[in-house]
Amino acid sequence: MSEPHGRRSADEPPPTESTLAELTPWLPRQRWFTGSASPPRLRVLADRRLRGDDESATVRVLVLVDDAPAKPVVYQVPVVERVLAGASPATSVIGRGDAGTILIDGPHDLAYTHALLAELGLDAGDFPTDVLAGEQSNTSIICRSPSAPPFAFAQEFLPDVEDAWRVALRAASAHADFTSGADALGRATAEVHRDLARLFPTVPADAAARTTLAGAWIRRLAIAFDEVPALQPQRRAIEDIYAAAAGEVWPALQRVHGDYHLGQVISVPGRGWVVLDFEGEPMRPIEERRAPDLALRDIAGMLRSFDYVAGTLRLARTGCRYR
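Each value, and the rule that gives it
- Residues numbered from 1 in each chain as written.
- Predicted model: local features only at pLDDT ≥ 70, side-chain atom pairs only at ≥ 80, totals over all residues.
- Heavy atoms only, no water.
- Helix = DSSP H or I, 4+ residues; strand = E, 2+ residues; numbered from the N terminus.
- Buried < 20%, exposed > 50% of the residue type's maximum accessible area, 1.4 Å probe, protein only.
- Axes fitted to C-alpha atoms, helices over the stretch in contact; angles between N-to-C directions.
- Parallel < 35°, antiparallel > 145°, perpendicular 65-115°, else oblique.
- Left-handed = near helix turned anticlockwise from the far one by under 90°.
- Contact = heavy atoms within 4.5 Å.
- Nonpolar A, V, L, I, M, F, W, Y, C, P; charged D, E, K, R; others polar.
- pLDDT = per-residue confidence, 0-100.
- Phe/Tyr/Trp six-rings, centres within 6.5 Å; stacked < 30°, edge-to-face > 60°.
- Lys NZ or Arg CZ within 6 Å of the ring centre and 35° of its normal.

**Digging into unusual backbone geometry**
- Backbone geometry at H175 places phi at a positive 55 degrees, although glycine is not the residue there.
- By the element assignment, H175 lies in the loop between helix 3 (164-173) and helix 4 (179-199).
- Judged by its relative accessible area of 74%, H175 is exposed.

Shown next, in the form of structure tokens:
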């Protein structure tokens, strides 16, 4: 990187207020947005312009802070600015830029992909690229190559797959029986938990461990109440459930997935359900993500995801859009 920590150089103007104004309503519509129910309050933490071979496009990587939540959230947002949208799909357009330009979600524009590959010392022409569709808390760009390029991060790519969210939503929309799919998903979940318990240390759920985890529940609950005040009438009932759970006998604590839902599982032809993304909740400190926890935490997350499927259908019937 030509600038330390990716910061803006003196000859690169900062993003204008109009750019931030266009990003403000666009961010909450993205699957990876994790802010509060309030509109984002954005400020620029870092700004890096990528040099590319497309003279008709300006490619920037913005690191934005949303100060609206009780705990500020940081987002990395690649943006391409063009005079015309060109072949970019309408869903990738963020809004209007300055002087008649248009702002495009970077991963959906070849100018960004080519500039990113150039940063890695690669010839963009050698790597056909696509944006991975599906439910995930980030944006993944697929580089199709006969051998693995020297990326900073790479993982196995499984073609011709669907995530469990799409499979379950399609079944629910068609009133189709999802019993066998859910049963297979439960078996895959149990297998993953057995493997995690075998490969990582387990610890007894003694009084100190229960107190620590219950404290984390209360902290997250306080954040939820701050971000969604409409939950306040349920506070006493939730706290009573937490207290009752803390007084029960628990199984041993183990490494868990930590962010388990239907979007974290894919259906692979000839292989069945495959679980992805074991880094835990992105907004939790890394120490908490790695700490042993209850395997039931993952089960609760998956059950909540099934409830989201039902909620999505209810919203669709009323003409609303689920985010």
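On we go from here.
**Some words on the packing of helix 5 (residues 207-227) against helix 6 (residues 235-246)**
- In contact at an axis separation of 10 Å, helix 5 and helix 6 are set at 170 degrees when each is read in the N-to-C sense. Put simply, helix 5 runs roughly antiparallel to helix 6. Between helix 5 and helix 6 lies a crossing of right-handed hand. The residues of helix 6 that touch helix 5, namely those facing R210, A214, W217, I218, L221 and F225, are R235, I238, E239, Y242, A245 and A246.
- Classifying every residue of the contact of helix 5 with helix 6 gives 9 nonpolar, no polar and 3 charged.

**Topic: the confidence of the model for the protein**
- In the predicted model, the protein carries a mean pLDDT of 84, and 82% of its residues have values of at least 70.
- Mean pLDDT across the secondary structure elements of the protein bottoms out at strand 7 (residues 141-143), with 69, and peaks at helix 4, with 96.
- In the model, residues 1-10 has pLDDT below 50 throughout and makes 12 contacts with residues more than four positions away in sequence or in other chains.

**Here's the deal with the packing of aromatic side chains**
- Applying the stated rule across the entire model yields 6 aromatic pairs.
- Residues W26 and W32 carry aromatic rings whose centres are separated by 5.8 Å and whose planes lie at 65 degrees to one another, so their mutual orientation is edge-to-face.
- On the basis of relative accessibility, which here comes to 2%, the residue W26 falls in the buried class.
- Under the relative-accessibility criterion, W32 is labelled buried at 15%.
- Relative to Y75, the ring of F33 lies with its centre 5.7 Å away and its plane at 15 degrees, an arrangement referred to as stacked. Here Y75 lies in strand 3 (residues 73-82) and F33 lies in the loop between helix 1 (17-26) and strand 1 (42-50), a separation of 42 residues in the sequence.
- Judged by relative accessible area, Y75 falls into the buried class, the value being 6%.
- Within the aromatic cluster, the residues linked to one another by ring pairs are W26, W32, F33 and Y75.
- The positively charged end of R255 is found above the aromatic ring belonging to F200, 4.6 Å away from the centroid.

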